[in-house]
Every structure is written in C-alpha cells, then in structure tokens.
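Summary of the model geometry
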Amino acid sequence: MTIKLNVNGKVREADVDPDTPLLWTLRDTLGIVGPKYGCGIGQCGACTVHIDGKPVRSCLMPVSSVGAAKVSTIEAMADHPIGKKVQAAWMELDVAQCGYCQPGQIMAATALLAAKPKPTDADIDAAMTNICRCGTYSRIRAAIHQAAGNTSAASINGNKA
C-alpha cells in the first residue's frame, strides 16, 4: 500500500504495509536514518521523532496512524530554532559519548523546550525518559539548561561530568 507522509517538510511516498512501524518506514524505505532502533518496545527512546511537534517513539507507531501529521526527525533539527540551540549546547558540553541515543535525546529535549522554555530539573526529569547506556544524564540536563538560557542553573556549574 502506498502511504504519503510529510517528513521534514516534504511529502514522501512509501510503499509499505500499513502496520509497518514508522521507524522502519523512515529508515528502510525513505532512507532517513537519524532515528535509531534501540529496543523495539518504546522504552529506550532512540527512535524518538516529532509528530506535529510532540515526541513519539516511532518503533511503536504504525505508519498508517500518522496520516497528514508532520513528522520531524533529527535531520530537520538544524533548521529548527530550538533544535539548533539544543544541538549547539550538546556540542559545547560534549554530551555524547557513544552517541547512539543522542538523536532521540535531542528530539526529546527540543520538544521539552518547545513546551517549557525554562524547565526546572523536575521538568527535565519528567520529560527526558530516554535511556543513555553511557550515563550522560548530568550533561544532558546541563545542555538542556544551557539551550534554555538557564545559565545560572546549578546543574551547569562546571559540569562536564
């Protein structure tokens, strides 16, 4: 079945089974490989994309349920005003170690900052449910505060853990 998707501002067609997870449609059919396969059960968040600006675990979402919604992946974040700030903070604070989970982390952080421009540590804890096997959580928190302009936040003070 041919399904039309609005991905990163372009309408794309995918000839896939309607039950195919959005993740596999993006990666295998459309060649958009930023979202990663991690666990396949929606726990790790490596596959996080935005659907109309909201973070979604794409490994769980059947492509047929996307409809006319706008799908954004990490590939579009360089042109997203908040995504650009998040990526700059990630680089400045050396957040990534292995980097595998980072596209999903950045997507979750960008959605958080769009919803709460000045998040507290509690807001960050509640929103950032993605798993990082390298344990860079303190740097993730610091980068989110930096992208938000919370330069006085205690979690930034010299933190390059």
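Our structure is the block above this text.
Residues numbered from 1 in each chain as written. Predicted model: local features only at pLDDT ≥ 70, side-chain atom pairs only at ≥ 80, totals over all residues. Heavy atoms only, no water.

Considerations on the overall build of the protein chain
Looking only at helices and strands, the protein chain features 5 helices and 5 strands. When the elements of the protein chain are put in sequence order from the N terminus, they spell out β-β-α-β-β-β-α-α-α-α. Relative to a compact globule of 161 residues, whose C-alpha radius of gyration would be 15 Å, the protein chain shows 16 Å and is just as compact. Taken over the C-alpha atoms alone, the protein chain extends approximately 55 × 30 × 25 Å along its principal axes. Looking at the protein chain residue by residue over its 161 residues, the buried ones come to 48%. (Helix = DSSP H or I, 4+ residues; strand = E, 2+ residues; numbered from the N terminus. Rg over C-alpha atoms; globule rule 2.2 N^0.38 Å. Buried < 20%, exposed > 50% of the residue type's maximum accessible area, 1.4 Å probe, protein only.)

With respect to the pattern of salt bridges
Using the criterion set out here, one finds 4 salt bridges in the structure. Of the charged contacts in the structure, one is a salt bridge between lysine 116 and aspartate 123, with a shortest N-O distance of 3.3 Å. Of the residues examined, lysine 116 reaches a relative accessible area of 40% and is grouped as partly exposed. For aspartate 125, the salt bridge identified is with arginine 141, shortest N-O distance 2.5 Å. On the criterion of sequence distance, the pair formed by aspartate 125 in helix H4 (residues 121-127) and arginine 141 in helix H5 (residues 137-148) is long-range, its members being 16 residues apart. Among the residues examined, aspartate 125 registers a relative accessible area of 45% and is labelled partly exposed. (Salt bridge = Lys/Arg side-chain N within 4 Å of Asp/Glu carboxyl O.)

Thoughts on the packing of helix H2 (residues 81-92) against H5
One can describe the packing of H2 onto H5 by two numbers: an axis separation of 8 Å at closest approach and a directional angle of 135 degrees. Judged by the angle between their axes, H2 and H5 are oblique. The way H2 lies across H5 gives a crossing that is right-handed. Contact with H2, carried on its side by Lys85, Val86, Ala89, Trp90 and Glu92, involves Ile140, Ala143, Ile144, Gln146 and Ala147 of H5 and no other residues of that element. Taken together, the residues of the contact of H2 with H5 break down into 7 nonpolar, 1 polar and 2 charged. (Axes fitted to C-alpha atoms, helices over the stretch in contact; angles between N-to-C directions. Parallel < 35°, antiparallel > 145°, perpendicular 65-115°, else oblique. Left-handed = near helix turned anticlockwise from the far one by under 90°. Contact = heavy atoms within 4.5 Å. Nonpolar A, V, L, I, M, F, W, Y, C, P; charged D, E, K, R; others polar.)

Some words on H5
Between its first and last C-alpha, H5 extends 17 Å over 12 residues, near the 16 Å set by a 1.5 Å rise per residue. In this fold, the buried residues of H5 make contact with H2, helix H3 (102-115) and H4. Phi for glycine 149, located one or two positions after H5, is positive at around 80 degrees. (Expected span 1.5 Å × (residues − 1).)

With respect to the packing of H2 against H3
In contact at an axis separation of 9 Å, H2 and H3 are set at 130 degrees when each is read in the N-to-C sense. Here H3 runs oblique to H2, going by the angle between their axes. In this structure, H2 crosses over H3, and the sense of that crossing is right-handed. Judged by residue contacts, Ile82, Gly83, Val86, Gln87 and Trp90 of H2 engage Gln102, Gln105, Ile106, Ala109, Thr110, Leu113 and Ala114 from H3. Here the residues of the contact of H2 with H3 are counted per class, giving 7 nonpolar, 5 polar and no charged.

Here we look at the sheet that holds strand E5 (residues 70-72)
Here we have 5 strands laid out as an open sheet, ordered E2-E1-E5-E3-E4, and mixed in their pairing. Whereas interior strands pair on both sides, the edge strands pair on one side only; in this sheet they are strand E2 (10-15) and strand E4 (54-57). For this sheet, the mean angle separating the axes of adjacent strands, direction not counted, is 40 degrees. Across 2 bridges, the pairing between strand E1 (residues 2-7) and E5 is parallel. Looking across to E5, one finds that valine 7 is bridged to valine 71. (Pairing = 2+ DSSP bridges.)

Keep in mind these numbers describe shape, not what the thing actually does.
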